[in-house]
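Tertiary structure, described
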Amino acid sequence: MMEKLIEGVGKLGIELNATQVKQFELYYQELVEWNRKFNLTAITDYEEVQTKHFLDSLTLALALREEEIRQPNFNIIDIGTGAGFPGVPLKILFAEPKLVLLDSVGKRTAFLRHVVEQLELDNVEIVVGRAEEIAHQPRFRQQFALALCRAVASCATLVELALPFCQIGGKFIAQKKGEISQEISNASKAIATLGGKLDQVKKIEVEELGGERYLVIVDKIYSTPEKYPRRSGVPKRHPI
Ligand code: SAM
């Protein structure tokens with residue numbers, strides 16, 4: 001079971017226990033099953049899901065300190081989580097932090113509710129809505145130690161969607177593929193405007209994943225001005 005994943009995370013210095021391996025196996029089965037009815041992912045091959053979804057999500061562990069993530073108030077929001085990536089694999093790895101999974105598509109969040117129940121994951125809240133709107137609700141605004149985003153938009157857009165959720169002292173990590181230096185320099189104005197500061201761009205070198213992968217890590221250092229994020233669709237159409 002999950003041999004590719006076990007081998008891959010081993011290279012990240014992570015050892016999965018038997019319960020976690022079973023949870024990943026069940027997650028895979030549910031993903032493939034639900035994918036017959038709903039369009040959740042183009043990747044359904046057993047080995048590919050293990051590497052391109054599960055292992056790729058867990059590379060985030062390279063940017064997180066365990067003692068930080070296990071702090072009692074540590075909480076995470078995954079914005080545009082789709083079928084749960086990267087939030088659900090991270091929750092399987094680290095059980096403690098409270099996790100909010102946010103997506104604008106109800107079919108995906110229905111799948112997430114089912115998976116969270118099947119995998120018996122505690123302290124997970126699933127929210128249906130657009131980041132542009134949810135980020136203005138007091139319960140979510142500037143409340144998170146960590147905001148995550150994989151494969152949702154370009155950096156400048158992502159920063160506007162994600163930094164409003166981060167508390168001061170918290171951070172945003174975007175998972176990115178391919179050539180990104182231009183994209184990052186295009187995001188510098190948005191980062192400063194939203195109250196962030198680029199901490200580092202961490203290159204991920206894991207053979208199983210192929211290609212170039214990066215974690216773009218942005219610290220939240222100032223409060224985000226009230227007007228951000230702008231109306232739904234604007235951060236994407238007209239990035240700052
Ligand atoms: N993060 C997942 C992954 O890496 O597999 C899903 C990526 S999928 C390409 C993008 C997801 O972001 C979709 O599920 C879409 O519904 C969601 N999304 C895009 N824009 C959003 C927004 N403004 N607010 C909330 N969800 C959004």
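Details of the structure are given in the entry above.
Here's what I pulled together on the structure shown here. (Residues numbered from 1 in each chain as written. Predicted model: local features only at pLDDT ≥ 70, side-chain atom pairs only at ≥ 80, totals over all residues. Heavy atoms only, no water.)

1. Quick notes on the packing of helix α2 (residues 18-35) against helix α3 (residues 46-58)
Counted only if it meets this: Lines fitted to C-alpha atoms define the axes, with helix axes restricted to the stretch in contact, and inter-axis angles between N-to-C directions lie between 0 and 180 degrees. Runs of H or I in DSSP of at least four residues are treated as helices and runs of E of at least two as strands, each being numbered from the N terminus. Note on terminology: angles under 35 degrees are roughly parallel, angles over 145 are roughly antiparallel, angles of 65 to 115 are roughly perpendicular, and the others are oblique. By definition, any crossing whose near helix is turned counterclockwise from its far helix by less than a right angle is left-handed, and any crossing with a clockwise turn is right-handed. Only heavy atoms enter the contact rule, under which two residues are in contact if any of them lie within 4.5 Å.
In contact at an axis separation of 11 Å, α2 and α3 are set at 120° when each is read in the N-to-C sense. Relative to α3, α2 is oriented oblique. Between α2 and α3 the crossing geometry is right-handed. Only Y46, V49, H53, F54 and L58 of α3 make contact with α2, whose side of the interface consists of F24, E25, Y27, Y28 and L31.

2. Considerations on the sheet that holds strand β7 (residues 213-220)
Stated formally: What makes two strands pair is DSSP finding at least two bridges between them.
On the basis of which strands lie adjacent, the open sheet formed by seven strands has the order β3-β2-β1-β4-β5-β7-β6 and mixed pairing. Each edge of the sheet is formed by a strand with only one pairing partner; in this case those strands are β3 (124-128) and β6 (196-204). Across this sheet, the average inter-strand angle for adjacent strands is 20°, counted without regard to direction. Bridging between strand β1 (residues 75-79) and strand β4 (residues 144-150) involves three bridges; their strand directions are parallel. Across the sheet, the residue bridging to D78 is L148, located in β4. Against the sheet, helix α8 (residues 155-162) makes contact with β1, β4, β5 (166-177) and β7, and its axis sits at roughly 150° relative to β5, the strand it touches most.

3. Description of the site of the ligand
Our working rule: Proximity is defined per residue: any heavy atom of the residue falling within 4 Å of a molecule or strand makes that residue near it. In the analysis that follows, any N or O atom pair within 3.5 Å is treated as a polar contact, provided that within protein one partner can donate a hydrogen and the other can accept it, and provided that, for residues neighboring in sequence, both atoms belong to side chains. Per-residue and other accessible areas follow the Shrake-Rupley method at a 1.4 Å probe size, with only the shown protein chains counted as cover for residues.
Near the ligand there are 15 residues, and of these G80, F85, D103, R108 and R150 occur at the shortest range. E132 is positioned with one of its side-chain polar atoms (N or O) 2.8 Å from a nitrogen atom of the ligand. Contact distances for the ligand include 2.6 Å between an oxygen atom and a side-chain N or O atom of R150. Contact with the protein chains removes 79% of the 600 Å² of surface that the ligand exposes when unbound.

4. Some details on the environment of D45
The line we're drawing: Each residue is placed in one exposure class: buried if its accessible area under a 1.4 Å probe, protein chains only, is under 20% of its type's maximum, exposed if it is over 50%, and partly exposed if it falls in between.
Considering the arrangement of structural elements, one finds D45 in the loop between α2 and α3. Among the residues examined, D45 registers a relative accessible area of 42% and is labelled partly exposed. Side-chain polar atoms of D45 contact the backbone nitrogen of E47, separated by 3.2 Å.

5. Let's talk about the pairing of β7
Among the eight residues in β7, seven count as buried, and that is most of the element. Pairing between β6 and β7: eight bridges, direction antiparallel. Paired with K197 across the bridge in β7 is D219.

That is the geometry; function is a separate question.
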